[in-house]
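# Inside the fold
The chain contents come next:
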Amino acid sequence: MKIQISPSLLSADFSNLERDVRAVTAAGADSLHLDVMDGRFVPNITFGIPVIKRLRDKTDIPLIAHLMIVHPEDILNEFVKIGCDSVVVHVEASTHLHRTLQQIREAGAKAGVALNPHTPLCMIENVMDCLDEILIMSVNPGFGGQAFITSALPKIKAARQMVEQSGRDIDISVDGGVNLETCSLVASAGANVLIAGSYVFDCPTGVDYAINTLREKCES
Ligand code: DX5
Ligand code: ZN
């Protein structure tokens, strides 16, 4: 399966975002993962619409907004308006998940849903027809650089089975603790999109090396 690498900007240098966005684009990243945090759904605050709007014309790869916010339905259309290609909401933050996913598609973006480590996959079995991406959290959301939670692996496997049974074209992404040790485990469990923050941006040999080694390791 072709593996896509999606660097998470959370670990970039926030005083040099343009430089870092251009660097991962030049290194062949397949998309850019944008962690939007509100200090309520998660105990951290990052960036939002004004910052992403400024970054849109610095890269031509898809922008994925991972909304770790409460009431995502109140504001998600704005993320599509400023050029996000996909919007991912948390199942735990969406009272009317089916409606919210439809709202994303109607706004013109791909619709994704993220599941926290404790959230079972059955929470999304009735929305498969509204989904373009299932994002399995392999850390508790809020911070970069945390250790991979291994119970994500059987969940990825089960998600892959669900997607195959549905016959739909749904990406399975994994977010948190993805590095050179864990990437082949996630890829062989069935994920096709690897989201990596600290491994990519903290790599002492550069983002090119990090992205290439992740890709090579998973595809070998
Ligand atoms: C955590 C974020 C992740 C984070 C991953 O809440 O959703 O995207 O950036 O960081 P690493 O790859 O360092 O675990
Ligand atoms: Zn994320």
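Residues numbered from 1 in each chain as written. Chains lettered and ligands numbered in written order. Predicted model: local features only at pLDDT ≥ 70, side-chain atom pairs only at ≥ 80, totals over all residues. Heavy atoms only, no water.

Under the defined criterion, the tally for this structure stands at eight salt bridges. A salt bridge links D13 to R19, with the nearest nitrogen and oxygen atoms 3.6 Å apart. The structure contains a network of salt bridges with shared partners spanning D13, R19 and D20. (Salt bridge = Lys/Arg side-chain N within 4 Å of Asp/Glu carboxyl O.)

Looking at the element boundaries, K155 is found in helix α5 (residues 152-166). Separated by 38 residues in sequence, K155 and V193 place their C-alpha atoms 15 Å apart. Not counting the four nearest positions on each side in its chain, K155 is found in contact with L115, N116, P117, T119, L121 and I136. One polar contact links the side chain of K155 to the main-chain carbonyl oxygen of T119, over a distance of 2.7 Å. (Helix = DSSP H or I, 4+ residues; strand = E, 2+ residues; numbered from the N terminus. Contact = heavy atoms within 4.5 Å. Polar contact = N/O pair within 3.5 Å; in protein donor to acceptor, adjacent residues only side chain to side chain.)

Bringing the sheet that holds strand β7 (residues 171-175) into the picture now. Strand pairing in a sheet is mediated by backbone hydrogen bonds. Such pairs are either parallel or antiparallel. A sheet is described by the order of its strands in space; here eight strands give the open sequence β1-β8-β7-β6-β5-β4-β3-β2, paired in parallel fashion. The open sheet has two free edges, formed respectively by β1 (4-7) and β2 (32-37), since each of these has just one partner strand. Going from strand to strand, the sheet's axes swing by 25 degrees on average, the running direction of each strand aside. Pairing analysis gives three bridges linking β7 to strand β8 (residues 193-196), with the strands arranged parallel. Residue pairing in the sheet places D175 in a bridge with I195 of β8. Taken strand by strand, helix α4 (residues 97-107) contacts β4 (86-90) and β5 (110-115), and its axis lies near 145 degrees from that of β5. (Pairing = 2+ DSSP bridges. Axes fitted to C-alpha atoms, helices over the stretch in contact; angles between N-to-C directions.)

The next point concerns the coordination of the zinc ion (ligand 2). Bound to the zinc ion (ligand 2) on the protein side are H33 (NE2), D35 (OD), H66 (ND1) and D175 (OD), at distances that span 2.0 to 2.3 Å. For the zinc ion (ligand 2), the six donor atoms in the first shell make angles of 70 to 170 degrees at the metal, a pattern classed as octahedral. Counting gaps between the donor residues of the zinc ion (ligand 2) yields the pattern H-x1-D-x30-H-x108-D. Here H33, found in strand β2, pairs with D175, found in strand β7; they are 142 residues apart in sequence, far enough to count as distant. Comparing H33 with D175, the two get one shared label, buried. (Donors = N, O, S within 2.8 Å, 3.2 Å for Na, K, Ca; no water. Tetrahedral: all angles 85-135°; square planar, octahedral: opposite > 155°, others 65-115°. Buried < 20%, exposed > 50% of the residue type's maximum accessible area, 1.4 Å probe, protein only.)

A few words on the state of the cysteines. Counted according to the given criterion, the structure contains zero disulfides. The closest cysteine sulfur to the non-disulfide-bonded C218 is located on C183, 3.7 Å from its own sulfur. Of the residues examined, C218 reaches a relative accessible area of 14% and is grouped as buried. (Disulfide = S-S within 2.5 Å.)

Let us now look at α4. All buried positions along α4 are accounted for by L97, T100, L101, Q103 and I104. The arc enclosing the buried residues of α4, seen along the axis, measures out at 155 degrees, which places them on a common side. Pointing more than 90 degrees away from the buried face of α4 are the exposed residues R99 and E106. G108, located one to two residues past α4, shows a positive phi value of around 110 degrees. (Arc of directions from axis to C-beta.)

Further remarks concern unusual backbone geometry. A positive phi angle, near 45 degrees, is found at H71, a position not held by glycine. Relative to the helices and strands, H71 is located in the loop between β3 (63-68) and α3 (76-81). Classification of H71 by relative accessible area gives partly exposed; the value is 47%.

Further remarks concern the site of ligand 1. Taken together, 19 residues sit near ligand 1, with S8, D35, G142, D175 and S198 positioned nearest. Within the backbone of G145, a nitrogen or oxygen atom sits 2.8 Å from an oxygen atom of ligand 1. Within the backbone of G197, one N or O atom sits 2.8 Å away from an oxygen atom of ligand 1. Contact with the protein chains hides 100% of the accessible area of ligand 1, taken as 380 Å² for the molecule alone. Contributing elements (two or more residues each) for the shell around ligand 1: β2 and β3. (Near = heavy atom within 4 Å. Areas by Shrake-Rupley, 256 points an atom, 1.4 Å probe, with all protein chains shown as cover.)

Don't take any of this as a statement about function, it's just geometry.
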